[in-house]
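Architecture at a glance
For reference, the chains in residue letters:
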Amino acid sequence: MALRFFNTLSREKEEFTPLSQGTVRMYTCGPTVYNYAHIGNYRTYAFEDLLRRYLKFKGFRVVQVMNITDIDDKTIRDSQAEGISLAEFTGRYTEAFFQDLDSLFMERAEHYPRATEHVPEMVAIIEDLMQKGYAYKGEDQCIYYDISKFKDYGNLAHMVVEDLKIGARVAHDEYEKEHAGDFALWKAWDEQDGPVFWETSLGKGRPGWHIECSAMSMKYLGGSFDIHTGGVDNIFPHHQNEIAQSEAHTGCPFVRYWLHAEHLIVDGRKMSKSLGNTYTLREVREQGFSPLALRYLYISSHYRSRVNYTQESMEASEKALVRLRDFLVRLSDISKGGPPSKEIEGLTKARNDSFAEAMDDDLNSPQAVAVLFELVREVNTDIDKELLTREDASRVRDLIFSWDNVLGLQLSRVAPSDEMLPHEIEALMEKRKEARRRRDWNEADAIRDELKKRGVLLEDGPAGTRWKKAEPTLVDNK
RNA sequence: GGCGACGUACCCAAGUGGUAAGGGAGAGGUCUGCAAAACCUUUAUUCAGCGGUUCGAAUCCGCUCGUCGCCUCCA
C-alpha cells in the first residue's frame with residue numbers, strides 16, 4: 001500500500017516518497033501570537049498532528065518545524081495598546097498556545113522557531129534577493145519582492161497574475177510598490193512601530209510576514225524539503241510568496257508536497273468576530289465539552305472538508321468517545337482463560353489493513369474511525385457470546401492502542417475500573433449489594449441514584465456490579 | 001469580473017464506474033428485578049434537479065438550481 005497525499009501544487013493525489021529515505025521533513029505554519037488561538041486554528045494544527053502521527057505510524061522519522069510569529073502588525077499594535085513590551089505580550093499567548101496543544105494532546109514538533117530570533121537569517125535572504133534582482137527598495141524605504149520576476153508566480157494558487165482583481169481588499173496607496181501584487185520583504189521603521197525595530201544592512205525596520213517562513217523552514221529543513229502545510233487561506237498569497245522567495249534564493253524546488261486543511265465553521269457559518277462565534281478552547285470547555293471531544297470532531301471529517309462545530313456535533317463526539325472508552329473497560333474486564341483464537345488474529349489483521357488503507361488514502365481519518373467502530377461492534381458481539389479470552393482481549397487492545405497513537409484520543413489512558421474509590425462510595429456500594437441480596441429494590445435504586453449524583457455510574461452485570469465515573473478521568477500511564 | 005470547491009438519511013459523515021461505510025438521534029426486540037452497557041432488527045430502491053455516455057452512474061460528461069471559498073499579510 002502506498003501513502004498518497006493530495007498535493008495542492010498538482011491538485012491531485014500523489015504517492016508520497018520523502019527526499020531522504022526514512023525521514024520526513026515538514027514545515028507547518030504556526031500561530032501569530034496576538035490572541036488566544038481559536039478552534040479553527042486548532043483544526044489545522046490537529047490535522048498536522050494527525051499527519052505527523054501517521055507518518056510515524058508508517059515508520060518514518062519526522063522532523064517537524066512550526067513557526068511562532070511573534071512580530072507583525074497585529075502583535076505590535078495590540079502590545080502597544082496594552083502598554084507592554086512586544087516580548088511580554090507575545091509570551092503570554094505563546095504560553096497559552098502550548099497549554100492548548102497539551103489539552104488537545106498534540107505531539108510537540110521538533111522545532112518552534114520564533115520570528116524575532118531569526119531576523120539575521122531573513123536579512124541574508126533579502127540581501128541575496130536584491131542582488132539577484134528579485135527585490136527592490138521603494139520610495140518609502142521598504143523592500144518589496146517583484147513578483148513579475150518570478151515566472152511561476154501563481155503556480156500554487158493556480159492563478160494568473162494578470163487576472164488578479166487588484167485592490168480588492170487593500171488600498172492601492174497603502175504601500176509604494178511597483179505592482180499591487182508585490183509584497184513587503186522588509187518594512188522600514190515608522191513611528192507606530194515604537195521600540196520594535198532592527199538596525200540591519202537593509203536599514204532600520206522589521207521583516208515582512210512571508211519571509212520568516214522561508215528563512216526558518218530552510219534553516220531547519222534545508223532548501224528543499226518534503227511537506228509544507230497550513231490552512232487553505234494560506235495558499236494565496238502566503239505560501240505562493242514563500243515559493244517565490246525561497247526558489248529565487250536557492251534556485252531549487254522549495255517544497256515537494258503542499259497540504260492544506262479546510263476551515264472549521266460554526267453552526268454552518270464562517271467564524272467571525274462580528275458573529276461572536278470565534279470560540280477558543282477555553283470557551284469550548286465552558287460550553288461543557290472536553291478538548292478530546294473537539295479532537296474527535298476534527299478527525300471525524302476529512303481534513304480537506306469543512307468541519308461544522310455545533311452543539312449537536314459536539315454531543316455526538318462526546319458520546320462516541322464514551323462508547324470507545326466503555327469498550328476498552330469491557331476488554332480489560334475479560335478474565336476468560338484459554339488460547340488466543342485464530343478468528344481474532346485474522347480479524348485484527350484484516351482491520352489493521354483497512355485502517356492503514358484508509359489513512360494511506362490522503363489521511364482519510366473518518367474512514368479510519370469507521371474501521372475502529374466496526375471492530376468495536378464485532379468484538380462486542382464476541383464478548384456477548386463469551387468467545388473472547390484474555391489473550392484475545394489483549395490483542396484487540398494492543399491494536400486499538402496502536403491506532404490511537406495516530407488518532408490521539410487517549411484511549412490507552414482510560415481509567416481502569418479497579419481504581420480506588422473513596423471509602424464512603426465503596427461503603428454505599430457494599431450497602432447496595434446487601435440491599436440487592438435482600439431484593440430490596442427501592443433501597444438499591446435509591447443508592448444508585450445517590451451515587452449517580454456523586455458522579456459514579458453503576459452497571460449491574462452477570463459478573464457483578466461495575467462502576468465508572470460520569471466524567472472520564474485519564475491516567476498518566478503512557 | 002477571474003479561479004475553484006461543495007450539495008449523500010432527522011443530524012454529522014465515508015464512498016469517484018459494479019449496485020449506498022461509520023457515529024449520533026429515533027423506533028422495536030434480546031438480556032436485566034429495574035436501569036445502564038452490550039447485541040440484533042429497523043430508519044436513503046437512493047445520492048440537489050434535468051439530460052447524456054455506459055451492460056451498469058452517487059461516482060464520468062453537459063446544463064440548471066443552491067451553498068461556499070480565494071483573488072495581496074485570516075488556520
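Residues numbered from 1 in each chain as written. Chains lettered and ligands numbered in written order. Predicted model: local features only at pLDDT ≥ 70, side-chain atom pairs only at ≥ 80, totals over all residues. Heavy atoms only, no water.

What follows covers the overall build of chain A. Scanning chain A from N- to C-terminus turns up 14 helices and 16 strands. Overall size of chain A, expressed as C-alpha extent along the three principal axes, is 95 × 50 × 35 Å. Here chain A holds 478 residues, and 49% of them are scored as buried. Pairs at least 24 residues apart make up 76% of the contacts formed inside chain A by residues separated by at least 6 positions. When the accessible surface of chain A is summed, it comes to about 23000 Å², and 48% of that surface belongs to carbon and sulfur atoms. Side chains of chain A carry 64 positive and 80 negative charges; the gap between the two charge centres is 6 Å. (Helix = DSSP H or I, 4+ residues; strand = E, 2+ residues; numbered from the N terminus. Buried < 20%, exposed > 50% of the residue type's maximum accessible area, 1.4 Å probe, protein only. Contact = heavy atoms within 4.5 Å. Areas by Shrake-Rupley, 256 points an atom, 1.4 Å probe, with all protein chains shown as cover. Lys, Arg positive; Asp, Glu negative; His and termini not counted. Charge placed at Lys NZ, Arg CZ, Asp CG, Glu CD.)

What follows deals with the sheet that holds strand E8 (residues 198-200). Reading across from one edge, E5-E6-E7-E9-E8 is the order of the 5 strands in this open sheet, with antiparallel pairing throughout. Unpaired on one side and paired on the other, strand E5 (135-137) and E8 mark the two borders of the sheet. This sheet shows a mean twist of 35° between the axes of neighbouring strands, independent of strand direction. Strand direction decides the pairing type here: strand E7 (residues 183-188) and strand E9 (residues 203-207), joined by 3 bridges, are antiparallel. Residue pairing for E9: Lys 187 is matched across the bridge by Arg 206. (Pairing = 2+ DSSP bridges. Axes fitted to C-alpha atoms, helices over the stretch in contact; angles between N-to-C directions.)

Membership of the largest hydrophobic core comes to 87 residues, with the highest contact counts inside it found for Leu 55, Leu 294, Tyr 309 and Leu 331. Here this core spans two domains, since at least three of its residues come from each of domain 1 (19-261) and domain 2 (281-413). By size, the runner-up hydrophobic cluster in this structure holds 41 residues, among which are Val 123, Leu 185, Val 196 and Val 255. (Core = buried A, V, L, I, M, F, W, Y, C linked by side-chain atoms within 4.5 Å. Domains from an automatic or database assignment.)

One pass over the full model with this rule turns up 36 salt bridges. For Arg 52, the salt bridge identified is with Glu 107, shortest N-O distance 3.0 Å. In this pair, Arg 52 is assigned in helix H1 (residues 39-57) and Glu 107 in the loop between helix H3 (86-103) and helix H4 (119-131), connecting sequence segments 55 residues apart. Using a relative accessible area of 3% as the deciding quantity, one classes Arg 52 as buried. Using a relative accessible area of 23% as the deciding quantity, one classes Glu 107 as partly exposed. Among the salt bridges present, the one from Lys 151 reaches Asp 152, with a minimum N-O distance of 3.6 Å. On the basis of relative accessible area, Lys 151 is assigned to the exposed category, the value being 77%. Sharing partners across several salt bridges, the network here consists of Asp 49, Arg 52, Arg 53, Lys 56, Glu 107, Glu 110 and Arg 295. (Salt bridge = Lys/Arg side-chain N within 4 Å of Asp/Glu carboxyl O.)

Attention shifts here to the domain arrangement of chain A. What the domain assignment lists for chain A is domain 1 (19-261), domain 2 (281-413) and domain 3 (423-469). With centres defined by C-alpha atoms, the gap from domain 1 to domain 2 works out at 36 Å. Contact residues are listed per partner, giving 21 residues for domain 1 and 33 residues for domain 2. With a shortest N-O distance of 2.7 Å, Asp 49 and Arg 295 are connected by a salt bridge. Connecting domain 1 to domain 2 are 13 residue pairs in polar contact (both at pLDDT 80 or more). Elements with a contribution of two residues or more to the side of domain 1 that touches domain 2: H1, H3 and strand E11 (255-261). Take the side of domain 1 that touches domain 2: its biggest share by element is 11 residues, from H1. Counted by class, the side of domain 1 that touches domain 2 contains 14 nonpolar, 2 polar and 5 charged residues. (Polar contact = N/O pair within 3.5 Å; in protein donor to acceptor, adjacent residues only side chain to side chain. Nonpolar A, V, L, I, M, F, W, Y, C, P; charged D, E, K, R; others polar.)

All chains considered together, the criterion is met by 0 disulfides. Cys 29 takes part in no disulfide bond, and the closest cysteine sulfur, belonging to Cys 213, lies 4.0 Å away. The buried category is assigned to Cys 29, whose relative accessible area is 6%. (Disulfide = S-S within 2.5 Å.)

Here the focus is the pairing of E7. The element E7 is extensively covered by neighbouring structure, given that 6 of its 6 residues are classed as buried. Across 3 bridges, the pairing between strand E6 (residues 143-145) and E7 is antiparallel. Pairing of Tyr 144 across the sheet is with Ala 184, part of E7.

Here we come to the side chain of Thr 8. One can find Thr 8 in the loop between strand E1 (4-7) and strand E2 (12-15). By relative accessible area, Thr 8 is classed as buried at 6%.

Tracing the backbone through its elements, the reader meets Thr 348 in helix H10 (residues 342-360). Here Glu 345 takes part through its backbone oxygen, which lies 2.9 Å from a polar atom of the side chain of Thr 348. Filtering out sequence-adjacent residues up to four positions away, Thr 348 remains in contact with Arg 395, Val 396 and Leu 399.

At the junction of Phe 236 and Pro 237, the peptide bond is cis and its omega measures out at 5° in the coordinates. Relative to the helices and strands, Pro 237 resides in helix H6 (residues 235-250). With a phi angle near 60°, Gln 410 is a residue other than glycine that sits in the positive phi range. Tracing the backbone through its elements, the reader meets Gln 410 in the loop between helix H12 (390-407) and helix H13 (423-437).

Burial analysis of strand E3 (residues 23-28) places 5 of its 6 residues in the buried class, which makes it a mostly covered element. Looking at chain direction, E3 and strand E4 (residues 61-66) are connected through 6 bridges and run parallel. Directly across from Thr 23, in E4, lies its bridge partner Arg 61. Once the chain exits E3 it traverses H1 before rejoining the sheet at E4, and the crossover so formed is right-handed. (Right-handed = clockwise from strand over helix to strand, strands pointing away.)

Bringing the sheet that holds E4 into the picture now. Hydrogen bonding along the main chain pairs the strands of a sheet, whether they run parallel or antiparallel. Spatial ordering of the open sheet is given by E4-E3-E10-E11, a layout of 4 strands whose pairing is parallel. On the outer flanks of this sheet lie E4 and E11, each paired with one strand and no other. Strand-to-strand twist across the sheet, computed as the mean angle between neighbouring axes with direction ignored, equals 20°.

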